[in-house]
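Listed below, chain by chain, are the residues.
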Amino acid sequence: FLYNCKAIGNTFQPIEGFDKKTNERLERFFLETKNYDKRKIAVFDGDGTVVGQAPHYMADECLYEVAKANPQKKADVIQKMTKLSNVSMEYVQLRVKFFEGDTVEYLRDLGAKCYHTHYAGKVFKPMVNLIGALKDNGFEVWIITASPEALYQKFLSEELHIPITNIVGVKSVVHEGKITGTMIEPIPQDHGKKEAIETFVQERPLLVGGNSRGDKEMIEYSGNLKLIINPDEYVAEDQTESIAEYARKNNWVIAKIRDVPPPNFPYISSNVFNMKKNKTNE
């Protein structure tokens, strides 16, 4: 994709795919941060924020595709995973433990193959455009995801044109090139995403974007613009309001981006392993 946004001096070309209100907020943001004299940082979540998550998280569909083809591989881990919520802290760590013993290179290549096979074109074009504009204006761009780090690094680095090491996910100790089961904290889920920014980015961002309740603490850590993509109106059992309502009350920028299942999607996560489907956004 080629971005079409320039925010240099007092000029701003709206980003195609964002509505007028979102573009007005972005224009103001670029002007407010033009002369910022410290590291200029923007941080985004992965699934549902920069890449589509309908009908399933790529991390799950990719992992369960491997599990289906290799039923003896970490069968005990798969058994635990299918009994858990796939946004729970235990689950996101088990994803990494499923690949224990595999090389980082293998996992990076696997993620790229899964993306190009089942998710090609699902990196959101407006987000590519926004990231391009941010880089033009001197920003470092980071991805903080609760998916396995190596699985997302190669394809997101290529699609977003950012360094592979700026993609931070759930990670474990790597020994002699192979992934181990020894987790490295903080785990970037819920409050751990904010801690991951503090630990790995080591500068408060001026813009943070996410899409779900799991990104709340990270988004609130933004020093300027707070962005949420396709926020859910669902009120979880342990919450008193939806993340969409919370975003409206706190004047976050709310953007809508189309996210629908690709044609001929295999649905291994749901059809074989009974995982819940993610919401479609038309």
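The sections below set out a description of the structure shown in this document. (Residues numbered from 1 in each chain as written. Predicted model: local features only at pLDDT ≥ 70, side-chain atom pairs only at ≥ 80, totals over all residues. Heavy atoms only, no water.)

1. A closer look at the environment of Glu90
In this fold, Glu90 is placed in helix 4 (residues 89-98). Distance from Glu90 to Val173, taken between C-alpha atoms, is 17 Å for residues 83 residues apart in sequence. (Helix = DSSP H or I, 4+ residues; strand = E, 2+ residues; numbered from the N terminus.)

2. Points about unusual backbone geometry
A cis amide bond, omega 5°, links Ala54 with the succeeding residue Pro55. Here Glu185 and Pro186 are connected by a cis peptide whose omega angle stands at 0°. Checked against the element boundaries, Pro186 lands in the loop between strand 4 (178-184) and helix 8 (191-201). Not every positive phi belongs to a glycine, and Asn230 is a case in point at roughly 45°. Positionally, Asn230 belongs in the loop between strand 6 (225-229) and helix 10 (243-249). Taking the relative accessible area as the measure of exposure, Asn230 reaches 10% and is therefore buried. We note that Tyr267 has phi near 55°; this positive angle belongs to a residue other than glycine. Turning to its location among the elements, Tyr267 is positioned in the loop between strand 7 (253-255) and helix 11 (268-271). (Buried < 20%, exposed > 50% of the residue type's maximum accessible area, 1.4 Å probe, protein only.)

3. Regarding the pairing of strand 4
For strand 3 (residues 167-175) and strand 4, the ladder comprises four bridges, and the chain directions are antiparallel. Its bridge partner being in strand 4, Val174 is matched across the sheet by Ile179. Adjacent in sequence and paired antiparallel, strand 3 and strand 4 are bridged by two residues, among which Glu176 carries a positive phi angle near 55°. (Pairing = 2+ DSSP bridges.)

4. Some words on the state of the cysteines
On inspection of all chains with the given rule, the structure shows one disulfide. Covalent S-S linkage joins Cys62 and Cys114, the inter-sulfur distance amounting to 2.4 Å. Judged by the sign of its S-S torsion, about 65°, the bond between Cys62 and Cys114 is right-handed. With Cys62 in helix 2 (residues 58-69) and Cys114 in helix 5 (residues 104-119), this pair connects stretches of sequence that are 52 residues apart. Its relative accessible area of 3% is what places Cys114 among the buried residues. (Disulfide = S-S within 2.5 Å.)

5. Some words on helix 5
The terminal C-alpha atoms of helix 5 lie 21 Å apart, and with 16 residues this matches the ideal 22 Å at 1.5 Å per residue to within 8%. The inward-facing, buried residues of helix 5 abut helix 2, helix 7 (149-160), strand 3 and strand 4. Gly121 sits one or two positions beyond helix 5 and adopts a positive phi of about 85°. (Expected span 1.5 Å × (residues − 1). Contact = heavy atoms within 4.5 Å.)

6. Considerations on the pattern of salt bridges
Across all of its chains, the model carries 14 salt bridges by this definition. Residue Lys154 pairs with Asp109 through a salt bridge whose shortest N-O separation is 2.8 Å. Here Lys154, found in helix 7, pairs with Asp109, found in helix 5; they are 45 residues apart in sequence, far enough to count as distant. For Asp109, a relative accessible area of 35% puts it in the partly exposed group. One salt bridge connects Arg258 with Glu282, and the closest N-O pair in it is separated by 3.7 Å. Residue Arg258 is found in the loop between strand 7 and helix 11, and its partner Glu282 is found in the segment after helix 11; the two are separated by 24 residues along the sequence. (Salt bridge = Lys/Arg side-chain N within 4 Å of Asp/Glu carboxyl O.)

7. Observations concerning the packing of helix 2 against helix 7
Between two packed helices, the angle of one axis relative to the other and the distance separating the axes together describe the packing. Two elements in contact, helix 2 and helix 7, have axes whose closest approach is 11 Å; the angle formed by their N-to-C orientations is 115°. As for how helix 2 packs across helix 7, the hand of that crossing is right-handed. Residues Met58, Ala59 and Cys62 of helix 2 touch helix 7, and the partners they reach there are Leu151, Tyr152 and Phe155. Each residue belonging to the contact of helix 2 with helix 7 can be placed in one class, and the counts come to six nonpolar, no polar and no charged. (Axes fitted to C-alpha atoms, helices over the stretch in contact; angles between N-to-C directions. Left-handed = near helix turned anticlockwise from the far one by under 90°. Nonpolar A, V, L, I, M, F, W, Y, C, P; charged D, E, K, R; others polar.)

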